Amino acid sequence: MTSLLRSLSRSFSVGLLLAAGALSTAQAQVPQPPEVAARSYLLVDLTTNQTLAERDADAPSDPASLTKLMTAYVVFNALRDKKLALEQTLSVSMRAWEERKGGGSLMFIDTTMTPTVDELLKGMIVQSGNDASVALAEAVGGTLDQFVGMMNRQAQAWGLKNTAFKNVTGLTEPGHKSTARDLSVIASHIIRDYPKEYAYYSMKEFKYNNIAQPNRNLLLRRDPTVDGMKTGYTEAAGYCLIASAQREFPNLGAGGTGGGPRRLLSVVLNTTSMEARASESQKLLNWGYQAFETVRLFEVNKAVTTVPVWKGKTDQAQLGANGALFVTMPKGEGGKLQTKIERADPLVAPLTQGQRVGTIKVTTAAGTAVTEVPLVVLQPVEAAGIFGRAWDAIRLWIK
């Protein structure tokens with residue numbers, strides 16, 4: 001059973017470039033998701049940070065090789081901080097080579113090889129190589145234990161209370177766990193924080209040492225809008241897949257002009273086969289695009305209203321949202337949204353850029369609250385000189 005209705009009424013969050021608000025919508029308007037043959041699943045619109053559908057998204061699960069998303073993120077941090085370089089070669093330890101004994105996926109590196117960081121990333125992401133994961137973790141953390149500590153500290157920094165890592169590969173181990181929701185957070189951070197590195201997840205095949213292996217994400221070959229991201233399998237976890245797609249949307253509704261990309265992320269855990277995890281993910285992604293529309297409510301740095309200012313060098317101030325605002329609504333509802341502004345009056349200079357002076361409230365035509373975001377000053381207004389301020393003080397007193 002889906003918990004979409006509960007999710008929408010409880011915490012249907014709306015993405016703003018620098019702020020977010022709580023969204024609720026009438027239950028009668030919420031599209032019902034398809035039946036999904038997975039123990040738990042989640043579908044998120046990353047354009048607006050809204051959860052569109054979920055089931056048991058907070059239930060602890062064995063993440064299998066989805067673990068390697070966090071392994072990769074920590075390595076990407078090291079690259080950003082210049083602790084590693086893509087062209088840097090690394091030695092392969094006996095510990096990395098011994099992953100051959102574990103029965104998991106491999107890049108097939110050995111102790112005589114010196115692969116580059118770039119090659120190891122491809123081996124870990126495309127081939128899901130446990131040996132590549134260990135080699136990268138040792139290079140960044142010094143030891144596997146220290147690297148796992150880095151993974152867990154990052155999870156804690158993001159507030160992932162249902163996630164704990166015990167290893168860098170995802171092999172089943174007591175206490176090694178995550179959830180569909182937590183995994184979606186890790187995946188979304190890779191997409192947003194490291195868009196260039198995210199391209200690794202779109203590679204359909206990688207060949208190393210004359211051994212070519214395909215990416216096990218079948219959707220990369222079936223749906224041209226799918227550009228990532230990671231598969232996983234263990235006996236305990238079943239067949240798992242996190243998939244992300246980006247498609248153009250018409251940008252209908254209040255204030256929207258032109259089109260733009262809309263990205264969805266699906267997480268399916270514990271399905272019965274490679275085919276099942278692909279087909280159930282495709283089902284969720286298609287439904288998310290077909291049942292919902294994304295509306296651009298406000299443009300970046302575009303005034304929502306212009307209002308009088310007292311005691312300023314200029315007599316007007318431009319007010320708007322603190323960034324572009326997008327909302328995902330059930331299809332057909334986006335064009336019915338209405339906005340209402342509540343603000344302080346009078347506005348008295350000086351006013352600084354980004355200063356909050358009120359609230360923008362968005363509702364449906366029936367008055368149902370959709371979201372509210374801060375109303376801020378878009379351009380600063382300096383205080384007038386002593387005579388201008390005195391004159392406006394008199395006018396305000398008379399008013």
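All of the points below concern the structure found in this document. Everything numeric in this text was worked out from a predicted model, so none of it was measured.

Our next topic: the nonpolar core. Core analysis: the largest hydrophobic core is formed by 62 residues, its most contacted members being M70, F76, L121, Y201, M229 and I242. Per-element tally for this core: the top contributor is helix α2 (residues 68–80), with nine residues. Those residues in contact with L121 that sit more than four places away from it in its chain are V75, F76, L79, L86, V126, L136 and Y200. Within the second largest apolar cluster, 23 residues are counted, among which are L337, A349, I360 and V373.

What the five strands build is an open sheet, ordered β11-β12-β16-β15-β14; its pairing is antiparallel. Strands with a single pairing partner mark the edges of an open sheet, and in this sheet they are β11 (305–308) and β14 (338–343). Shown here is a sheet whose adjacent strand axes are inclined to one another by a mean of 30°, direction ignored. Examined bridge by bridge, β11 and strand β12 (residues 316–320) share four bridges and lie antiparallel to one another.

Further remarks concern the environment of T48. Tracing the backbone through its elements, the reader meets T48 in the loop between β3 (40–45) and β4 (50–55). Accessibility expressed as a relative area gives 0% for T48, which makes it buried. A C-alpha to C-alpha distance of 8.8 Å links T48 and R262, two positions 214 residues apart in sequence. Of note is the side chain of T48, whose polar atom sits 3.1 Å from the side chain of Q50.

Scoring rules and cut-offs
- Residues numbered from 1 in each chain as written.
- Predicted model: local features only at pLDDT ≥ 70, side-chain atom pairs only at ≥ 80, totals over all residues.
- Heavy atoms only, no water.
- Core = buried A, V, L, I, M, F, W, Y, C linked by side-chain atoms within 4.5 Å.
- Buried < 20%, exposed > 50% of the residue type's maximum accessible area, 1.4 Å probe, protein only.
- Helix = DSSP H or I, 4+ residues; strand = E, 2+ residues; numbered from the N terminus.
- Contact = heavy atoms within 4.5 Å.
- Pairing = 2+ DSSP bridges.
- Axes fitted to C-alpha atoms, helices over the stretch in contact; angles between N-to-C directions.
- Polar contact = N/O pair within 3.5 Å; in protein donor to acceptor, adjacent residues only side chain to side chain.

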